[in-house]
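# Architecture and fold: a report
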Amino acid sequence: MPWKGIKDPYKIWLSEIILQQTRVEQGLDYYEKFIFFFPSVHDLATADEGVIFKLWEGLGYYNRCKNLITTAKYISEKLNGIFPNTYQDIITLKGVGPYTAAAIASFAYNLPFAVVDGNVFRVLARLFAIETPIDSTIGKHEFNELAQQVLDKNEPALYNQAIMDFGATVCKPVNPECGTCTLQQHCRAYQVGVVNKLPVKEKTLLKRKRWLYYFILQHQDTILVSKRTSKDIWENLYEYYLIESDAEILWNDTSIQQHLHHQLGIKNAKVTSVSLMVKQHLTHQLIQGQFIQATLSSIPHNLQQGQWHPINQLDKLPFPQFINQYKLIVG
Ligand code: SF4
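Quick caveat, the model's predicted, so the values are computed rather than measured.

Parameters and conventions
Residues numbered from 1 in each chain as written. Predicted model: local features only at pLDDT ≥ 70, side-chain atom pairs only at ≥ 80, totals over all residues. Heavy atoms only, no water. Buried < 20%, exposed > 50% of the residue type's maximum accessible area, 1.4 Å probe, protein only. Helix = DSSP H or I, 4+ residues; strand = E, 2+ residues; numbered from the N terminus. Pairing = 2+ DSSP bridges. Phe/Tyr/Trp six-rings, centres within 6.5 Å; stacked < 30°, edge-to-face > 60°. Core = buried A, V, L, I, M, F, W, Y, C linked by side-chain atoms within 4.5 Å. Axes fitted to C-alpha atoms, helices over the stretch in contact; angles between N-to-C directions. Parallel < 35°, antiparallel > 145°, perpendicular 65-115°, else oblique. Left-handed = near helix turned anticlockwise from the far one by under 90°. Contact = heavy atoms within 4.5 Å. Nonpolar A, V, L, I, M, F, W, Y, C, P; charged D, E, K, R; others polar. Domains from an automatic or database assignment. Buried area = accessible area lost by both parts, 1.4 Å probe. Salt bridge = Lys/Arg side-chain N within 4 Å of Asp/Glu carboxyl O. Polar contact = N/O pair within 3.5 Å; in protein donor to acceptor, adjacent residues only side chain to side chain.

## So, the pairing of strand E1 (residues 208–219)
Across the 12 residues that make up E1, a large majority, 10, are buried. Taken together, the 12 bridges between E1 and strand E6 (residues 285–296) define a ladder with parallel strand orientation. Opposite Arg210, over in E6, you have Ile287 as the bridge partner. By the bridge criterion, 5 bridges tie E1 to strand E3 (residues 238–245) in an arrangement that is antiparallel. Residue Trp211 lies in a different strand from E3, and its bridge partner there is Ser245. As defined by bridge partners, E1 adjoins strand E2 (residues 222–227) across 2 bridges and the pair is classed as antiparallel.

In structure tokens:
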């Protein structure tokens, strides 16, 4: 990984924010793009926010991007571009929690803070045969304390990287390499035969279900878009005209025409496409929905103030991945 072994706190911070809730293989491209376009925190702080969101497109959890911008501006403007160098100061940065603060403090400054990611939880749970659920409050506390106790205080950066790599390559979630593992002699879970039962997770989160129906309204060479501004998923990204529901809606030509007429004053729209149901799993939500394309012969009065964006410029706007997975049919 390009960020491995580096000491630059800006690059470490960037990689850690990108990798929160993102798989390494997916995050890698984004990390390289960000470093290419914004080689320093000043470059990121002074860049156009729309451009940053566009680069972030597809990574999801856009709050991370918002916090990234806020923190870059703070470091650039208030700290003259100098990254804080104590754990206590690092953790006050927006978007930085205990895990990210420990990663920056140990990897950039070799400070003795244990990094506790999913790999570390698993390795510790097995080595010490701990059955406390890793996603419970008490479990998080217990594992963090233990991680801090067993940390090599002389080589925290090396140790943190080693235990994470060990979890990713040897003590894997499925089919760990116990037969050749160098820690086998010390591993309590191996000795008592509970390797595959650990770590324990308290519960699978109940997901909120949302149905999003996007109406892609086209008039001549433009399409109606709007920016999401409320405190919700995908804040600051763009979308088409949306009908949201807590339950599934069955759309057919009649109900589409009725909705367009009664809600938007649109008559005689030509419905050109109704997509199949698409899905996206977020951490706490299951998003499902459809895309309904329609061509209008004129723009009704109540939509004249809307943002009608040229179709050939749509790719300049940041859209959530859920919308990008639908390929627009341009007629
Ligand atoms: Fe992990 Fe197996 Fe090694 Fe124990 S013996 S640390 S469970 S790989």
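## Notes on the packing of aromatic side chains
Scanning the model with the defined rule gives 16 aromatic pairs in all. Here the aromatic rings of Tyr87 and Phe113 are separated by 4.3 Å at their centres, their planes lie at 10°, and the arrangement is stacked. Placement of the pair is Tyr87 in helix H6 (residues 87–90) and Phe113 in the loop between helix H7 (98–109) and helix H8 (118–127), with a sequence separation of 26 residues. Judged by its relative accessible area of 17%, Tyr87 falls in the buried class.

## Observations regarding the nonpolar core
Among the nonpolar cores identified, the biggest contains 85 residues, and Trp13, Phe34, Leu44, Trp56, Trp234 and Tyr240 are the most heavily contacted of them. With 7 residues, the single largest contributor to this core is H7. Trp211, Phe215, Ile243 and Ala269 belong to the second-largest nonpolar core, a separate cluster that totals 17 residues.

## Side note on the packing of helix H1 (residues 9–19) against H7
At a minimum axis distance of 9 Å, the contact between H1 and H7 shows a crossing angle of 150°. Here H1 is positioned roughly antiparallel relative to H7, judged by the angle of their axes. For the element pair H1 and H7, the recorded crossing hand is right-handed. On the side of H1, the interface is formed by Pro9, Ile12, Trp13, Glu16 and Ile17, while H7 contributes Tyr99, Thr100, Ala103, Ile104, Phe107, Ala108 and Tyr109. When its residues are assigned to classes, the contact of H1 with H7 shows 10 nonpolar, 1 polar and 1 charged.

## Things to note about the domain arrangement of the chain
Per the domain assignment, the segments of the chain are domain 1 (1–113), domain 2 (116–204) and domain 3 (208–324). Listed as interface residues are 9 residues of domain 1 and, on the opposing side, 15 residues of domain 3. Roughly 870 Å² of surface becomes buried between domain 1 and domain 3 when both sides are summed, with 50% attributable to carbon and sulfur atoms. It is Lys54, Glu57 and Tyr62 in domain 1 that bury the most area against domain 3; as a group they hold 47% of the surface buried on that side. Here domain 1 is connected to domain 3 by 1 salt bridge. Here Glu235 makes a salt bridge to Lys66, at a shortest N to O gap of 3.2 Å. Our count for the domain 1 to domain 3 interface comes out at 5 residue pairs in polar contact (both at pLDDT 80 or more). Within the side of domain 1 that touches domain 3, the residues separate by chemical class into 3 nonpolar, 3 polar and 3 charged.

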